[in-house]
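# Topology and contacts: notes
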Amino acid sequence: MADTLTTPLTRAAGIEVPLVCGAMYPCSNPELVAAVSEAGGIGIVQPIALTYVHGHDFREGLRLIRRLTAKPIGMNALIEQSSKAYRERMERWIDVALEEGVRFFVTSLGNPRWVVDRVSPAGGVVYHDVTERKWAEKGIAGGVQGLIGVNDRAGGHAGARSAEALLEELAPLGLPVVCAGGVGSEQDFARALRMGYAGAQLGTRFIATPECRASEAYKRGIVEAGEKDIVLTERLTGVPVAVIDTPSVRRLGTKAGPLARFMLRGRRTKHWMRTLYALRSLWALKRGLLRDSPERDFWQAGKSVAGIHRIEPAGDIVRRFAEAWRTTA
Ligand SMILES: Cc1cc2nc3c(=O)[nH]c(=O)nc-3n(C[C@H](O)[C@H](O)[C@H](O)COP(=O)(O)O)c2cc1C
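Residues numbered from 1 in each chain as written. Predicted model: local features only at pLDDT ≥ 70, side-chain atom pairs only at ≥ 80, totals over all residues. Heavy atoms only, no water.

### A closer look at the overall build of the protein
Each helix and strand counted, the protein has 15 helices and 10 strands in total. Of all 329 residues assigned to the protein, the portion counted as buried reaches 54%. Considering only contacts in the protein between residues 6 or more positions apart, those separated by 24 or more positions represent 62%. Total accessible area on the protein is roughly 14200 Å²; 54% of this is exposed by carbon and sulfur atoms. (Helix = DSSP H or I, 4+ residues; strand = E, 2+ residues; numbered from the N terminus. Buried < 20%, exposed > 50% of the residue type's maximum accessible area, 1.4 Å probe, protein only. Contact = heavy atoms within 4.5 Å. Areas by Shrake-Rupley, 256 points an atom, 1.4 Å probe, with all protein chains shown as cover.)

### What to know about the nonpolar core
Counting residues in each nonpolar core, the largest one holds 86 residues, and the members touching the most others are F58, M75, I94, F105, F189, F206 and I222. Judged by nonpolar contacts, the second largest core, of 16 residues, contains I42, I44, F104 and V125. (Core = buried A, V, L, I, M, F, W, Y, C linked by side-chain atoms within 4.5 Å.)

### Describing the side chain of Q201
Note that Q201 resides in strand β8 (residues 199-202). Leaving out residues up to four positions away in the same chain, Q201 has contacts with V20, G22, V106, D129, I148, V178, C179, A180 and G181.

### What about the sheet that holds strand β3 (residues 74-78)?
One closed barrel holds the eight strands; their spatial order is β1-β2-β3-β4-β5-β6-β7-β8, and the pairing between them is parallel. Across this sheet, the average inter-strand angle for adjacent strands is 25°, counted without regard to direction. Pairing between strand β2 (residues 42-45) and β3: two bridges, direction parallel. When the sheet's bridge partners are listed, I44 is paired in β3 with G74. Along the sheet, helix α5 (residues 84-99) contacts β3 and β4 (104-108); its crossing angle with β3, the most-contacted strand, is approximately 170°. (Pairing = 2+ DSSP bridges. Axes fitted to C-alpha atoms, helices over the stretch in contact; angles between N-to-C directions.)

### Quick notes on unusual backbone geometry
In this structure, the amide linkage connecting Y25 to the following residue, P26, adopts the cis form with an omega of 5°. Mapped onto the elements, P26 comes out in the loop between β1 (19-21) and α2 (30-38). Residue L109 is not a glycine yet carries a positive backbone phi of 80°. Its place among the elements puts L109 in the loop between β4 and α6 (113-119).

### Quick look at the environment of G41
With respect to the secondary-structure elements, G41 resides in the loop between α2 and β2. Taking the C-alpha atoms as reference, G41 lies 6.6 Å from V318; in sequence the two are 277 residues apart.

### A look at the packing of aromatic side chains
One pass over the full model with this rule turns up four aromatic pairs. Seen in terms of ring centroids, F189 and F321 are 5.6 Å apart; in terms of plane orientation they differ by 35°. Their pairing is tilted. Of this pair, F189 sits in helix α9 (residues 186-195) while F321 sits in helix α15 (residues 314-328); the two residues are 132 residues apart in sequence, bridging distant segments of the chain. Taken as a pair, F189 and F321 share a single burial class, namely buried. On the basis of an interplanar angle of 5° and a centroid distance of 5.7 Å, the ring pair of Y218 and W299 is categorised as stacked. Taken as a pair, Y218 in helix α11 (residues 216-224) and W299 in the loop between α14 (269-290) and α15 lie far apart in primary sequence, 81 residues in all. A cation over an aromatic ring shows up here: R87 above the ring of W114, its NZ or CZ 4.2 Å from the ring centre. (Phe/Tyr/Trp six-rings, centres within 6.5 Å; stacked < 30°, edge-to-face > 60°. Lys NZ or Arg CZ within 6 Å of the ring centre and 35° of its normal.)

### Description of the environment of G182
On the secondary structure map, G182 appears in the loop between β7 (177-180) and α9. For the pair G182 and T204, spaced 22 residues apart in the sequence, the C-alpha separation amounts to 8.7 Å. Every residue in contact with G182, bar those within four places of it in the chain, is listed here: N151, R153, A154, D188 and S304.

### Examining the site of the ligand
Around the ligand, the structure places 24 residues, and the nearest of them are A23, S108, Q201, G203 and T204. Residue G203 places a main-chain N or O atom 2.8 Å away from an oxygen atom belonging to the ligand. Note that an oxygen atom of the ligand is positioned 3.2 Å from one of the side-chain N or O atoms of S304. The protein chains hide 94% of the 600 Å² of surface that the ligand would expose on its own. Looking at the shell around the ligand, the elements with two or more residues in it are β8 and α10 (204-207). Considering only residue class, the shell around the ligand consists of nine nonpolar, 13 polar and two charged. (Near = heavy atom within 4 Å. Polar contact = N/O pair within 3.5 Å; in protein donor to acceptor, adjacent residues only side chain to side chain. Nonpolar A, V, L, I, M, F, W, Y, C, P; charged D, E, K, R; others polar.)

### Notes on α2
Of all nine residues that make up α2, seven are buried, and the element is covered over most of its length. For α2, every residue scored as buried is listed here: P30, L32, V33, A34, A35, V36 and S37. Looking at the buried residues of α2, the elements they touch are β1, β2, α3 (47-53), α4 (58-68), α10 and α15. Taken from the residues just after α2, G40 is the one with a positive phi, measuring 115°.

What follows is the structure in structure tokens.
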């Protein structure tokens, strides 16, 4: 009998458990990525977090992870076309990742074709984050091998569809679909696989781990928060981001102001505004990650907080989820 944990995702990524620790700016640190991979899932490196937040040279950061695990790791390429310099930087990061043995890539936001063209000759596989069918079709036209369906319960930039509705929309396209959003417990994991997903990509659950370098206050915030404490704010990045409703978020507000809105709509001004937001949010989120300060508690988290009740080693989470699925499938 085939192991019930074997799915198109585990085959494509060369892993044992169909569980991805999604890229998280600013939370993805090398120890967290390595711990998830070492336990049989796959940790995804977020290059800006690795370099700007955690202070590693990109190649050295990858080598540090390699010293902690020999198992596959992945890399996230946020490919929104905002500037030429950013694109060139991302191309270099991808080349270094390939040289260091990375073969699994998760693209988000833009057209992934150039990433596919760059990594396929080396045997690299690209899974593309999408929130609706339109983006999935664009990704498929660009040659991606799998989709990650980001639903309305996800941390980070959430989608608008439920996990069920999104799968219904994406499954007919014929590629494996991974569930991103709302998976905080082993029951949530089993439910996603039972629905027909090829695996799950988790973010929030892995912040509440000893390996994640987030502040204790942030981790406690996740453990203590319920679903109703998660709100969307446009004020951090210009598009809605799921965060815990802290005093700092209430002060900042949740809607972009009228000028920002106008700028975000214009074809030419949109990129400038996004860059501005991106720079501001990179800084605010970095400060919020590492410091226990009530003035800077900008804590991204999704509705999966509902199923997260303790801080737990990342490897234990992977093993517990895998075991629960093995015994119920
Ligand atoms: C703090 C945080 C930061 C994130 N940053 C990124 C990112 O930089 N790139 C990306 O593609 N997805 C990002 N995500 C999305 C995650 O990779 C993943 O898809 C999502 O967290 C799944 O939902 P969950 O938090 O409910 O598990 C982020 C999520 C969180 C919670």
